[in-house]
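Overview (structure and organization)
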Amino acid sequence: MTEMRDAPTTIEPAGSGPRRSRYRRSITRLRSASLEAYPLWRGRLLFLAGGICVGLAAVLMAKGADLAQEGFRRLTAPSPLIALVLTPAGFALAALLARTVFPNSQGSGIPQVIAARHARDERFRFSLISPRVACGKVLVLFLGLLCGASAGREGPTVQVGAAIMAAFGRLTPDRLPGLLLAGGAAGVAAAFNTPLAGIVFGIEELGRAYEARSSGLIVAGIVAAGLTSLWLLGNYTYFGTSQAELPLAAGWIVPLLAALGGFAGGVFSRLVILFARGLPGAAGRLIRARPVVFAAACGLCVALCGLASQGTAYGTGYEEARAILHGDATTSWTYAPLKFAATVLSSVSGIPGGLFAPSLAVGAGIGGTVHGLLPDMPVGALVLIGMVAYLTGVLQAPITSFVIVTEMTQNHTMMIPLMVAALIADAASKAVCRGGLYHTLAELMLARADVPAQPVTQTA
């Protein structure tokens, strides 16, 4: 008789089954949470990495712009008359490259970013913020400054910053509008070392709305760009620290100077928009048929402005504005109008170039001229009011204007007068030019692209 034996059995400790089940459920929940959090953290890392790259690009563009301006001074050192050949030739070459080799690199660059944010056609959007456009923007901008163009690097930094962020945005297409906004705002913050102004500019001018979904990530991108700039250049103030104050008894000058600056800025915007839409009649047909010849003619007129101003109308105008602000130079009454004319000509010629620095220089010239008429007034206070007023007139972005000037000079005692000046200048500018410059140019781009686009909304 065969002896039956039971198979050996494993005796599990009491409660081990429920514990194992709970462990499996915990692992499942953790894996699920990790998968859900991955897109969020990937988006944050993209904003941070993009911000660092924007900061590097802003520093390189600042150094390159300085070298280009120094190159122009050396080229014209033997004789200022060299500019009569150099500047027209440089404008013609820059316009040719901007039209044929690097299309959509013309002008400031900020309208391109606004148009890209509102465009629904992906191919058209990419044509405005592609790496090719960004590289061309930088190279042709430096060529223009090397030949004496009255242009800044800050607007181009916005377009380059947006292009960098757009390259990162290919990994998260749903975040592309926020990335473009962050890239442009980070460009302003890194270019001027003004992080608060970068945030305000992104909300007031690029977005014209507060995007709660991306607000924290936009700030993170700006911080990353700002820290990169600080690491490479140190903690600097763009125009140096200003302790200027305006006595209460002299407050009557604020509305007058603000209205003058705002009106002049509105005239500037009106002229640029007029040329962007196309002049009527034979003049408009000639410009459209011969854009490179027109650019050369603009360059010749810029050279004449430079000769009449003894060289101060060329370039960004940073050194001249700083000297006027701190009372280190006597302002000629011709400086502001000549710088104004040189900047208009550079802007309508079709070459790349920003408006922030030249606008601040024109505003400083207006303030310095008023000080020549009223020598008892503090020159620093008048210059700050003139800078805010004229920049507001050009941009029609009053908050950005007074914030950026306040951060550039670390002057907080003038904040209330600057706020008042910005509001008055904005009203004066809108009396001359109904639509904001950048948004009107963006609307023209969208209309000419003949693609479906969201409307570019305006704010009061």
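How each quantity is defined
- Here, residues in each chain are numbered from 1, in the same order as that chain's written sequence.
- Owing to the predicted nature of the model, reporting of local features is limited to residues with pLDDT of at least 70; listing and counting of side-chain atom pairs is limited to 80 or more, with chain, interface and lining totals taken over all residues.
- Hydrogens and water molecules were not included; the side-chain quantities draw on all heavy atoms of the structure.
- Each helix is a run of DSSP H or I of at least 4 residues and each strand a run of E of at least 2, with the numbering of both proceeding from the N terminus.
- We call a residue buried when its accessible area falls under 20% of the maximum for its residue type, exposed when it is over 50%, and partly exposed in between, using a 1.4 Å probe and counting protein chains only.
- The contact rule is simple, with two residues in contact once any of their heavy atoms fall within 4.5 Å.
- Methods summary: accessible areas were calculated by the Shrake-Rupley approach with a probe of 1.4 Å, and residue burial reflects only the protein chains presented.
- Put simply, a nonpolar core is a bunch of buried Ala, Val, Leu, Ile, Met, Phe, Trp, Tyr and Cys residues held in one set by side-chain atoms that sit within 4.5 Å of each other.
- Each residue carries a pLDDT score, the predictor's own confidence in it, on a scale running from 0 to 100.
- When a carboxyl oxygen of Asp or Glu is within 4 Å of a side-chain nitrogen of Lys or Arg, the pair counts as a salt bridge.
- For patch detection, residues must exceed 30% relative accessible area and be free of salt bridges, and they are connected within 9 Å for like charges or within 5 Å for nonpolar side chains (Val, Leu, Ile, Met, Phe, Trp, Tyr).
- Pairs of cysteine sulfur atoms within 2.5 Å are identified as disulfides in what follows.
- Geometry of aromatic contacts follows a simple scheme: Phe, Tyr and Trp rings, the Trp one being its six-membered ring, pair when their centres are within 6.5 Å, and the pair is stacked under 30 degrees between planes, edge-to-face over 60, tilted otherwise.
- Axes here mean lines fitted to C-alpha atoms, for a helix over just the part in contact, with angles spanning 0 to 180 degrees between N-to-C directions.
- Comment on the angle field: the value is read as roughly parallel under 35 degrees, roughly antiparallel over 145, roughly perpendicular from 65 to 115, and oblique elsewhere.
- When the near helix sits turned anticlockwise from the far one by under a right angle, the crossing is termed left-handed; a clockwise turn instead gives a right-handed crossing.
- Each residue is assigned to one of three groups, with Ala, Val, Leu, Ile, Met, Phe, Trp, Tyr, Cys and Pro labelled nonpolar, Asp, Glu, Lys and Arg labelled charged, and all others, Gly among them, labelled polar.
- Given the number of residues in a helix, its expected span is that number minus one, multiplied by 1.5 Å.

A tally of helices and strands in the protein chain yields 19 helices and 0 strands. Expressed as a percentage of its 460 residues, the buried residues of the protein chain come to 54%. Contacts spanning at least 24 positions in sequence make up 81% of the contacts within the protein chain whose residues lie at least 6 apart. For the protein chain, the accessible area works out to roughly 20,700 Å², and carbon and sulfur atoms hold 65% of it.

Ranked by internal contacts, the top residues of the largest apolar core, which has 126 residues, are Phe268, Phe356, Ile404 and Leu437. Here this core gets 12 residues from one element, more than from any other, and that element is helix H16 (residues 379-395). Excluding residues within four positions of it along the chain, Ile404 makes contact with Val188, Phe192, Thr194, Ala197, Phe356 and Leu391.

The next point concerns unusual backbone geometry. Look at Gln310: it is not a glycine, yet its phi comes out positive at around 60°. Within the fold, Gln310 resides in the loop between helix H12 (291-308) and helix H13 (318-325). The residue Gln396 is not glycine, and still its phi comes out positive at about 55°. Topologically, Gln396 is positioned in the loop between H16 and helix H17 (398-409). Residue Gln396 is classed as buried on the basis of its relative accessible area, which comes to 8%.

This part takes up the confidence of the model for the protein chain. Per-residue pLDDT for the protein chain has a mean of 84; in total, 83% of the residues score no lower than 70. The low-confidence segment residues 33-38, where pLDDT is below 50, has 0 contacts with residues more than four positions distant or belonging to other chains.

So, on to the side chain of Thr409. The residue Thr409 is located in helix H17 in this model. The contacts of Thr409, once residues within four sequence positions are left out, are Thr237, Phe239, Gly240, Thr241, Ser242, Leu325 and Leu384.

With that settled, consider the pattern of salt bridges. Counted under the stated rule, the structure contains 3 salt bridges. Two residues, Arg74 and Glu70, come together in a salt bridge whose shortest N-O distance is 3.3 Å. A residue pair is termed a helical-turn pair when its members lie 3 or 4 positions apart in one helix, as Arg74 and Glu70 do in helix H1 (residues 16-75) at 4 residues. For Glu70, a relative accessible area of 30% gives the class partly exposed. One salt bridge in this structure joins Asp426 and Lys430, with 3.3 Å as the shortest N-O distance. Here Asp426 pairs with Lys430, and both are found in helix H18 (residues 415-432), just 4 residues apart, close to one helical turn.

This paragraph deals with a nonpolar patch on the surface. A cluster of nonpolar side chains, Ile52, Leu56, Trp231, Leu232 and Leu233, forms an exposed patch at the surface whose accessible area comes to about 490 Å². Taken together, the elements giving at least two residues each to the nonpolar patch come down to H1 and helix H9 (215-233). No other element matches H9, which puts 3 residues into the nonpolar patch. Considering the arrangement of structural elements, one finds Leu233 in helix H9. With a relative accessible area of 31%, Leu233 lands in the partly exposed category.

Attention now moves to the state of the cysteines. The full count for this structure, using the stated rule, is 0 disulfides. No disulfide involves Cys298; its sulfur sits 6.6 Å from that of Cys301, the nearest cysteine. We classify Cys298 as buried; its relative accessible area is 3%.

On to the packing of aromatic side chains. Per the stated rule, a full pass over the model turns up 5 aromatic pairs. Here the aromatic rings of Phe275 and Phe294 are separated by 6.0 Å at their centres, their planes lie at 25°, and the arrangement is stacked. In this pair, Phe275 sits in helix H10 (residues 253-277) while Phe294 sits in helix H12, placing the two residues 19 residues apart along the sequence. Judged by centre distance (6.4 Å) and plane angle (70°), the rings of Phe340 and Tyr390 are edge-to-face. You can see Phe340 sitting in helix H14 (residues 335-348) and its partner Tyr390 sitting in helix H16, a full 50 residues away along the chain. For the pair shown, Phe340 and Tyr390 are each scored as buried. Grouped by ring-pair contacts, the aromatic residues Phe268, Phe340 and Tyr390 constitute a single cluster.

Axis separation between helix H6 (residues 154-169) and helix H7 (residues 176-192) bottoms out at 7 Å; the angle between their running directions is 140°. By the angle between their directions, the pair H6 and H7 is classed as oblique. In this structure, H6 meets H7 at a crossing whose hand is right-handed. Taking contact as the criterion, the partners of Glu154, Thr157, Val158, Gly161, Ala162, Met165, Ala166, Phe168 and Gly169 in H6 are, on H7, Leu176, Leu179, Leu180, Ala182, Gly183, Gly184, Gly187, Val188, Ala191 and Phe192. When grouped by side-chain class, the residues that make up the contact of H6 with H7 number 12 nonpolar, 6 polar and 1 charged.

So, on to helix H5 (residues 131-146). Taking 1.5 Å per residue, 16 residues should reach 22 Å; H5 reaches 23 Å between its end C-alpha atoms and fits that length. Turning to H5, its buried residues are Val133, Ala134, Gly136, Lys137, Val138, Val140, Leu141, Phe142, Leu143, Gly144 and Leu145. Directly beyond the C-terminal end of H5, a positive phi value near 100° is found at Gly148.

We now examine helix H15 (residues 356-373). The terminal C-alpha atoms of H15, which comprises 18 residues, lie 26 Å apart, in line with the 26 Å expected from a rise of 1.5 Å per residue. Of all 18 residues making up H15, 14 are buried, and the element is well covered by its neighbours.

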